[in-house]
Amino acid sequence: LTSALEKLKILKEKEETLRAEAGALRQTLNNEKSELEATTSEISRLSAVCELIPQKLKHLTKALKDERNAFEKENQDCNRVEEAVHAKMTEFKNGRAVYETRLGLKFARVQEEKLKIVMTNIQKSNPERIFSFTVYVDSEDMYKVEEFDPHVPDLDALVSELNTSNDFSRFVRSIRQQFCRIANAN
């Protein structure tokens, strides 16, 4: 009987050990099951993302192509404007050369805000004689004229007309006419 009781005691200890091991295995199984579910969920999420990648790539490729086309168009427009500016500058330089050589008219920037107009070919007996004046716009947006050589009569009336009409080329022509009268009157 003692041997049977001892066997029973050993069997009960084994049963408790096996139950503890079974509980640990159940816990491990539950943990692994949770991990498997999380991994499966992550795989599903990544699969959905992967399915969207070709669409996103197509969209981004189209957007990039559109941006490149827009850039190319802007670049072409810029080149056309640059060419037009270059042509206009050449035209201005050629016009300036005509004004300087044939009309004896030169424009030079003096200081920051002033423009000096120098004229030759005015006096028939001395075509190289220099006639000049300086013009600028003051803080009240009014033309001011200074440094006349020689002085022009009716200057105040001419400047007043310039400020009224804002026709600078007519003003320069009027001054040239006055210079011609002065030079050829002597």
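See above for the structure.
Residues numbered from 1 in each chain as written. Predicted model: local features only at pLDDT ≥ 70, side-chain atom pairs only at ≥ 80, totals over all residues. Heavy atoms only, no water.

Caption draft 1: The arrangement of the side chain of Gln178 in detail. With respect to the helices, strands and loops of the structure, Gln178 is situated in helix H3 (residues 168-185). Judged by its relative accessible area of 14%, Gln178 is buried. Excluding residues that lie within four positions of it along the chain, Gln178 makes contacts with Val152, Pro153 and Leu158. (Helix = DSSP H or I, 4+ residues; strand = E, 2+ residues; numbered from the N terminus. Buried < 20%, exposed > 50% of the residue type's maximum accessible area, 1.4 Å probe, protein only. Contact = heavy atoms within 4.5 Å.)

Caption draft 2: Just the layout of surface pockets, in detail. Estimates place the volume of the largest pocket at around 220 Å³. The wall of the largest pocket is formed by Tyr99, Leu103, Leu105, Phe107, Met119, Phe168, Ser169, Val172, Arg173 and Arg176. When residues of the lining of the largest pocket are traced back to their parent elements, those giving at least two are helix H1 (2-103), strand E1 (105-110) and H3. Of all the elements, H3 adds the most residues to the lining of the largest pocket, at 5 residues. Its residues assigned to classes, the lining of the largest pocket shows 7 nonpolar, 1 polar and 2 charged. Roughly 150 Å³ of volume is contained in the second largest pocket. Met89, Phe92, Lys93, Gly95, Arg96, Tyr99 and Phe107 together form the lining of the second largest pocket. Broken down by element, the residue count for the lining of the second largest pocket peaks at 6 residues, all from H1. The class makeup of the residues in the lining of the second largest pocket is 4 nonpolar, 1 polar and 2 charged. (1 Å grid on protein atoms, 1.4 Å probe; cavity = no way out; pocket = protein on both sides within 12 Å on 5 of 7 lines; lining within 4 Å. Points joined across faces, edges and corners; volume = space filled by probe spheres on them. Nonpolar A, V, L, I, M, F, W, Y, C, P; charged D, E, K, R; others polar.)

Caption draft 3: Focus on the environment of Ser3. Within the secondary structure layout, Ser3 lies in helix H1. The exposure class of Ser3 is partly exposed, given its relative accessible area of 46%. Once the C-alpha coordinates of Ser3 and Phe131 are considered, the two residues, 128 residues apart in sequence, prove to be 142 Å apart.

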